Each structure stands twice: as structure tokens, then as C-alpha cells.
Amino acid sequence: MSDEQRLLLLVEDDAAFAKTLSRSFERRGYTVVHAPDRDSMQALLQQVHPTHAVVDLKLSGKESGLSCVSDLHAFDASMLIVVLTGFASINTAVEAIKLGASQYLAKPSNTDDIEAAFN
């Protein structure tokens, strides 16, 4: 897979975690774009077409990453989407997969875990 085919969208409201994860994926040959919330994600989707996405389940406020998963799947059903959460539950895992996520991982997850989930 060429670098052009590995555009990762990171939807994460924790700026420090997003920066660390972005750098780690960039070292692995991904181009990474970051959105801290759903509105920012929607704006980015007007400019880029990600092949991969990592979405935090619980975004700032009452915003759920599940709505982002649904939007991303509607945007491109072939996009590989991994949901990360510090609040894992069977119900949200099932819902995330139904909405189009490829995998659901509990935090702390590292780049190896996430990349393995893409495969």
C-alpha cells in the first residue's frame, strides 16, 4: 500500500494523545489529519478522503464518537474504522460494529494494537 493510500483521520479530543498517536502513525508511513470533534471531522471530509480512521468513543461534552463512526461509514463504507474507548462495554462495542467500525479497542491501546485492528 502506498503512502497516498494510507490517509488516517484521527477523531480525538485529547490533544496530547492525538499528537502522540499522530506522530507514531506518521513514522509508519501514514498521512494523519486530526479532528477534535464531529464538526471538525465533517469539515475535513470536504477536503480529504481518508482510508483509515481512529475515533475516540467519548468526545468532549456529550458528543459520542458513535455518530462519527456512522458518518464515516456513510462517507466511505470501505474505510477501516477503529473505535478507542476508556469506557468499554459490550453494548457500545456491538453498536460501533453495527455502525461500521472494523474494530473496538479499550484504552490504553498503542499504535501496534490499532494497526493490527486495521488488518
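For the structure itself, look to the data block above.
Just so we're clear, the structure is a prediction, and the values are computed from it rather than from any experiment.

## Describing the pattern of salt bridges
Taken as a whole and assessed by the stated rule, the structure comprises 6 salt bridges. Residue Glu115 is joined to Arg6 by a salt bridge in which the shortest nitrogen-to-oxygen separation is 3.9 Å. One end of the pair, Glu115, is in helix H5 (residues 111-118); the other, Arg6, is in the segment before strand E1 (7-11), with 109 residues separating them in the sequence. When sorted by exposure, Glu115 lands in the same class as Arg6, which is buried. Note that Arg28 and Glu115 form a salt bridge whose closest N and O atoms lie 2.7 Å from each other. Here Arg28, found in the loop between helix H1 (15-27) and strand E2 (31-35), pairs with Glu115, found in helix H5; they are 87 residues apart in sequence, far enough to count as distant. Residue Arg28 is classed as partly exposed on the basis of its relative accessible area of 30%. Within the structure, one salt-bridge network assembled from shared partners comprises Arg6, Arg28, Asp112 and Glu115.

## A short note on the packing of aromatic side chains
As enumerated under the stated definition, the model contains 2 aromatic pairs in all. Consider the rings of Phe25 and Tyr30, whose centres lie 5.0 Å apart with planes at 90 degrees: the pair is edge-to-face. Each member of the pair Phe25 and Tyr30 is classed as buried. Among the aromatic residues, ring-to-ring pairing joins Phe25, Tyr30 and Phe118 into one connected group. The aromatic ring of Phe87 is capped on one face by Lys58, whose charged end is 4.9 Å from the ring centroid.

## Structural notes on the sheet that holds strand E5 (residues 103-106)
Strands sit in the order E2-E1-E3-E4-E5 across an open sheet of 5 strands; the sheet is parallel. Strand pairing shows two members of the sheet lacking a second neighbour, E2 and E5, which therefore form its edges. When strand polarity is set aside, the average angle formed by the axes of neighbouring strands in this sheet is 20 degrees. Where strand E3 (residues 52-56) meets strand E4 (residues 80-85), 5 bridges bridge the pair, whose relative direction is parallel. Of the residues in E4, the one forming a bridge with Val54 is Val82. The sheet strands contacting H5 are E1, E3, E4 and E5, and the helix crosses E4 at an angle near 140 degrees.

About the thresholds
- Residues numbered from 1 in each chain as written.
- Predicted model: local features only at pLDDT ≥ 70, side-chain atom pairs only at ≥ 80, totals over all residues.
- Heavy atoms only, no water.
- Salt bridge = Lys/Arg side-chain N within 4 Å of Asp/Glu carboxyl O.
- Helix = DSSP H or I, 4+ residues; strand = E, 2+ residues; numbered from the N terminus.
- Buried < 20%, exposed > 50% of the residue type's maximum accessible area, 1.4 Å probe, protein only.
- Phe/Tyr/Trp six-rings, centres within 6.5 Å; stacked < 30°, edge-to-face > 60°.
- Lys NZ or Arg CZ within 6 Å of the ring centre and 35° of its normal.
- Pairing = 2+ DSSP bridges.
- Axes fitted to C-alpha atoms, helices over the stretch in contact; angles between N-to-C directions.
- Contact = heavy atoms within 4.5 Å.

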